[in-house]
Amino acid sequence: MLEKILETKRLEIAKVTLPEQVIVPTFSLYGALKQPNRSIGLIAEVKKASPSKGVICEQFEPVTIAKGYQEGGADAISVLTDELYFQGHRDYLSAIKKEVALPVMRKDFIIDKKQIEETVRIGADAMLLIVGTVPIEQLKELYEYAYNLGLECLVEVHAKEELVELLATFIPKIIGVNNRNLKTFETSLTQTEEMAELIPEGTLFVSESGIHDTSDLDRVKKVGASGVLVGESLMRAPSPEVGITALFGGESIAASS
């Protein structure tokens, strides 16, 4: 599936036209995760569909969902912009950025500098980079190019070997450990637990996928995760606020937030 998606991306990049620059306030993803609203940071995802689950949210109103996440005390928002496989759109991110005062991360398959320029123009504060989508030296170039343009990056790994290769090349400020096996699409929090000890001091790390309830949060907090990225369980909740409250077991927002 990943190879199929990347082939689509290469075709899209050849045809993409860069939009006009969206003028919006900027917010730091790193800062939000460093001082989260609760005991662990929450990146709440605006996600209509996925290749493995199909349509997750029938009544999909991205701005309304994002506002609900903000009301519910999310620390940041992730927006799927891939159209073909996730039914997202770059315009969703721009519309959300105009309405919320939180860091907004573009979640897509970024493999080219042109996509990074596009990410800046649509107003994103941060973006996802995935180890294994391009050679590791090229990923480092994309990472540095993004930061030079004022974009933060969450660099995602799916296996211990990928993490070792990443850290031997460069040390990102934020690392995402995806609990989903890209070959089987099964998720296991063991991924986070096994990789936690390899995360360098000073690097924030986010546990992604397979986070459904308070016990899942406790497991990843225990091994030192700074944050979680949660999409499906929040998108299936009666409302974003209800989903976040259930996820945190009613844990209140810190008074200092």
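Keep in mind that what you see is a predicted model, and the values were worked out from it rather than measured. (Residues numbered from 1 in each chain as written. Predicted model: local features only at pLDDT ≥ 70, side-chain atom pairs only at ≥ 80, totals over all residues. Heavy atoms only, no water.)

(A) Inspection of the overall build of the chain at higher detail. Across its full length, the chain holds 11 helices and 10 strands. Its C-alpha atoms give the chain a radius of gyration of 17 Å, within 12% of the compact-globule value 18 Å for 257 residues. The C-alpha extent of the chain, read off along each of the three principal axes, is 45 × 40 × 35 Å. Within the chain, the fraction of its 257 residues that count as buried is 53%. Taking as baseline every contact in the chain between residues at least 6 positions apart, the subset at least 24 positions apart corresponds to 68%. (Helix = DSSP H or I, 4+ residues; strand = E, 2+ residues; numbered from the N terminus. Rg over C-alpha atoms; globule rule 2.2 N^0.38 Å. Buried < 20%, exposed > 50% of the residue type's maximum accessible area, 1.4 Å probe, protein only. Contact = heavy atoms within 4.5 Å.)

(B) Summary view of the pairing of strand β1 (residues 41-46). For β1, the buried fraction is high: six of the six residues fall into the buried class. Residues of β1 alternate between two faces, with Gly-41, Ile-43 and Glu-45 on one and Leu-42, Ala-44 and Val-46 on the opposite face, all of them buried. Here four bridges tie β1 to strand β4 (residues 76-80), and the two strands are oriented parallel to one another. Considered in β4, the bridge of Ile-43 is made with Ala-76. (Pairing = 2+ DSSP bridges.)

(C) Spatial organisation of helix α11 (residues 240-247). Taken together, the buried positions of α11 are Pro-240, Gly-243, Ile-244 and Leu-247. Buried residues of α11, seen end-on, are gathered within an arc of 95 degrees and therefore sit on one face of the element. The inward-facing, buried residues of α11 abut β1, α3 (62-71), α9 (214-222), β10 (227-230) and α10 (232-235). Of the residues trailing α11, Gly-249 is marked for its positive phi of about 60 degrees. (Arc of directions from axis to C-beta.)

(D) Region of the structure containing the packing of helix α6 (residues 136-148) against helix α7 (residues 160-169). Where α6 contacts α7, the axes come no closer than 10 Å and their chain directions differ by 60 degrees. Classified by the angle their axes make, α6 and α7 are oblique. Like other packed secondary-structure pairs, α6 and α7 cross with a definite hand, here right-handed. The residues of α7 that touch α6, namely those facing Ile-136, Glu-137 and Lys-140, are Glu-165, Leu-166 and Thr-169. When grouped by side-chain class, the residues that make up the contact of α6 with α7 number two nonpolar, one polar and three charged. (Axes fitted to C-alpha atoms, helices over the stretch in contact; angles between N-to-C directions. Parallel < 35°, antiparallel > 145°, perpendicular 65-115°, else oblique. Left-handed = near helix turned anticlockwise from the far one by under 90°. Nonpolar A, V, L, I, M, F, W, Y, C, P; charged D, E, K, R; others polar.)

(E) Examining the nonpolar core more closely. In this structure, Leu-42, Val-46, Tyr-69, Ile-77, Leu-129 and Leu-166 are the most contacted members of the largest nonpolar core, which totals 77 residues. For Leu-166, the contacting residues outside a window of four places in its chain are Val-131, Ile-136, Val-155, Val-157, Pro-172 and Ile-175. (Core = buried A, V, L, I, M, F, W, Y, C linked by side-chain atoms within 4.5 Å.)

(F) Structural context of the layout of surface pockets. In this structure, the largest pocket encloses a volume near 530 Å³. For the lining of the largest pocket, the per-class residue count stands at 14 nonpolar, 10 polar and eight charged. (1 Å grid on protein atoms, 1.4 Å probe; cavity = no way out; pocket = protein on both sides within 12 Å on 5 of 7 lines; lining within 4 Å. Points joined across faces, edges and corners; volume = space filled by probe spheres on them.)

(G) Up close: the packing of α3 against α11. α11 packs onto α3 with a crossing angle of 40 degrees between their chain directions and a minimal axis gap of 7 Å. The orientation of α3 with respect to α11, classified from their angle, is oblique. In this structure, α3 crosses over α11, and the sense of that crossing is right-handed. Side by side, α3 and α11 meet where Ile-65, Gly-68, Tyr-69 and Glu-71 of the first sit next to Pro-240, Glu-241 and Ile-244 of the second. In the contact of α3 with α11, the residues fall into four nonpolar, one polar and two charged.

(H) The arrangement of the side chain of Lys-47 in detail. Topologically, Lys-47 is positioned in the loop between β1 and β2 (49-50). For the buried residue Lys-47, which engages in no salt bridge, the nearest side chain bearing the opposite charge is Glu-45, 4.1 Å off. (Lys, Arg positive; Asp, Glu negative; His and termini not counted. Salt bridge = Lys/Arg side-chain N within 4 Å of Asp/Glu carboxyl O.)

(I) The sheet that holds β10, seen in detail. Strands sit in the order β1-β4-β5-β6-β7-β8-β9-β10 around a closed barrel of eight strands; the barrel is parallel. Pairwise comparison of adjacent strand axes, ignoring direction, gives a mean angle of 25 degrees for this sheet. Here β1 pairs with β10 via four bridges, running parallel. Opposite Gly-41, over in β10, you have Gly-227 as the bridge partner. Its contacts with the sheet put helix α4 (residues 90-97) on β1, β4 and β5 (104-107), and the angle it makes with β5 is roughly 175 degrees.

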